[in-house]
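If you want the building blocks of each chain, they are given just below.
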Amino acid sequence: MMSSKTLKIGVLGCGVVGSQVVRLLLANKADLSTRAGANLQLVKVAVRNPKSKNYGVPDELLTSDLKSVVSDPQVDLIVELLGGIEPARELILTALKNGKSVVTANKALLAKHGAELYAAADNANVDLYYEAAVAGAIPILRPLRESLVGDQVLKVMGIVNGTTNYILTKMDENGAAFEDALREAQKLGFAEADPTADVEGGDAAAKAAILAGLAFHSRVTDLDVYKEGISKITATDVKVAKAMDLVIKLLAIADVTNDGAIAVRVHPALISRAHPLASVRDSYNAVFVESASAGQMMFYGRGAGGEPTASAILGDLVAVARNKLSGGLGPRESDYADLKIAKIGDTQTRYLIRLNVADKPGVLESVAHVFASNQVSIQTVRQSGAGDKAELIVMTHISKESALSATVKDLSKLDSVTDVASVLRVEGEI
Ligand code: HSE
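Notes on the structure follow. Small disclaimer: the values here were computed from a predicted structure and weren't measured. (Residues numbered from 1 in each chain as written. Predicted model: local features only at pLDDT ≥ 70, side-chain atom pairs only at ≥ 80, totals over all residues. Heavy atoms only, no water.)

Concerning the nonpolar core
Leu-12, Leu-128, Tyr-130, Ile-140, Leu-144 and Ile-167 are the most contacted members of the largest nonpolar core, which has 84 residues in total. Ranked by residue count, the leading element in this core is helix 10 (residues 202-215), at 10 residues. Among residues more than four places away in sequence, those in contact with Tyr-130 are Thr-104, Leu-110, Tyr-118, Leu-141, Arg-145, Ile-210, Leu-214, Asp-316 and Glu-333. Counting residues in hydrophobic clusters, the runner-up holds 35 residues, among them Leu-40, Leu-42, Val-47 and Leu-314. (Core = buried A, V, L, I, M, F, W, Y, C linked by side-chain atoms within 4.5 Å. Buried < 20%, exposed > 50% of the residue type's maximum accessible area, 1.4 Å probe, protein only. Helix = DSSP H or I, 4+ residues; strand = E, 2+ residues; numbered from the N terminus. Contact = heavy atoms within 4.5 Å.)

Laid out in structure tokens, this is it:
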């Protein structure tokens, strides 16, 4: 039964996600309203240039005046889908100050200015929800903030960028070079014309900051995240990994060091083909969570795209509508633990190092000596080739990143080492 109450909604931005939010909100209005407990009425859709194309939005709802939507006293709830820092930040702050709850998918903004925005929501006694900001349709932020709040999260490890996962999947399946897999992804619309934010890890780093903050009850920003992208991964790296029953994934990882600091990083890493994250292929996303009592869990699904992301937005919209009607607020992210951020040098993992060496007596000994003198313990060494083309593949035990970096520096100084062809981190049991 339709409620007699009405909540008016303003949407900022009508791109790939916004247009699906509007379409689904209008198409499923009766069900969504019944679930929310109020008539959910879309009253404004603000786009920079309403005449530039057909947005599929009734003409009378379209406006180019973004500010008027967040200032309109009649609007109760705002959906921000502009992306980027400004004017999104200013508009959200105004909306919150004006007593409107806000739903956003803006990971870049939350990773940079989350503390300011959460405080503004607190001060105004309204909700700021953002499930769609990390891993699109996959419910992961609410589980971290609510379902797992009675547990202790130990580690979060996610494939949170679909573009890079698609590229790495093609490199793994076809032996393709990075550039060719990227070109194919661009042709199929999986990668942007300027793929920098995806392939160099910026998009995943923003998501990693949000995940780490929620998992460890602390403030984490994009600047706290160490990041390396996938553009240096070669077809040979992938081939070597495959031969060892491993696969390369771009991982967003957050855990706590022995000193109690949050280590948060985005980089390519080798994982076993038996690890649940190895089965996450193409443009799919997944977040693998380990917690003290619940153990291991994986949240898997569509990490991007209009309709999947709109699902998360509309879930948040119904939730903030319910909260508003009940006169309360939804659960907040907490920062009570206030953990420090670890330096990348203090993180610990295993490494696979490929070295091109001369195949002469004493070479292995000199290489082993460099590892030993930097306190990096070797687990296995394999050699292939002979003469000038010999290759050593060294797998280490768990070591400190700073010790490994010093090792690599010293190795490249050895006369017998032609070059350090690649250094890859290894995550999980292999
Ligand atoms: N560009 C992102 C991806 C989606 O490739 O997964 C939006 O965060």
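Once the structure has been displayed, the description carries forward.
Some details on the layout of surface pockets
If you add up the space inside the largest pocket, you get close to 1200 Å³. What lines the largest pocket is a set of 49 residues, among which Val-17, Lys-107, Glu-192, Asp-203 and Ala-304 lie closest to the centre. Contributing elements (two or more residues each) for the lining of the largest pocket: helix 1 (16-27), helix 5 (107-124), helix 7 (162-174), helix 9 (196-199), helix 10 and helix 12 (306-325). The element that contributes the greatest number of residues to the lining of the largest pocket is helix 10, accounting for five residues. Of the residues in the lining of the largest pocket, the class split is 20 nonpolar, 18 polar and 11 charged. (1 Å grid on protein atoms, 1.4 Å probe; cavity = no way out; pocket = protein on both sides within 12 Å on 5 of 7 lines; lining within 4 Å. Points joined across faces, edges and corners; volume = space filled by probe spheres on them. Nonpolar A, V, L, I, M, F, W, Y, C, P; charged D, E, K, R; others polar.)

Comments concerning the site of the ligand
For the ligand, the full set of nearby residues is Lys-107, Asn-161, Gly-162, Thr-163, Asp-198, Asp-203, Lys-207 and Ala-304. Within the side chain of Asp-198, one N or O atom sits 2.9 Å away from a nitrogen atom of the ligand. Within the contact set of the ligand, an oxygen atom lies 3.0 Å away from a side-chain nitrogen or oxygen of Asp-203. Burial of the ligand by the protein amounts to 80% of the accessible area it has alone, namely 260 Å². The pocket occupied by the ligand, as judged from atoms lying within 2 Å of grid points, is the largest pocket. Every element with two or more residues in the shell around the ligand is listed here: helix 7 and helix 10. (Near = heavy atom within 4 Å. Polar contact = N/O pair within 3.5 Å; in protein donor to acceptor, adjacent residues only side chain to side chain. Areas by Shrake-Rupley, 256 points an atom, 1.4 Å probe, with all protein chains shown as cover. Sits in = over half its atoms within 2 Å of the grid points.)

Regarding the pattern of salt bridges
For the structure on display, the rule yields 30 salt bridges. Across the salt bridge formed by Arg-23 and Glu-307, the nearest N and O atoms sit 3.2 Å from each other. Placement of the pair is Arg-23 in helix 1 and Glu-307 in helix 12, with a sequence separation of 284 residues. By relative accessible area, Arg-23 is classed as partly exposed at 39%. Two residues, Glu-90 and Arg-89, come together in a salt bridge whose shortest N-O distance is 3.5 Å. By relative accessible area, which is 42% here, Glu-90 ends up partly exposed. Look at Arg-89 and you get buried, because its relative accessible area is 17%. Here the salt bridges share partners, and the residues they tie into one network are Lys-170, Asp-172, Glu-173, Arg-273, Arg-281 and Asp-282. (Salt bridge = Lys/Arg side-chain N within 4 Å of Asp/Glu carboxyl O.)

A few points about helix 10
For helix 10, spanning 14 residues, the distance from its first C-alpha to its last is 20 Å, which sits close to the expected 20 Å at 1.5 Å a residue. When you tally the buried positions in helix 10, you get 13 out of 14 residues, the bulk of the element. Where helix 10 terminates, the next one or two residues include His-217, which has phi positive at roughly 50°. (Expected span 1.5 Å × (residues − 1).)

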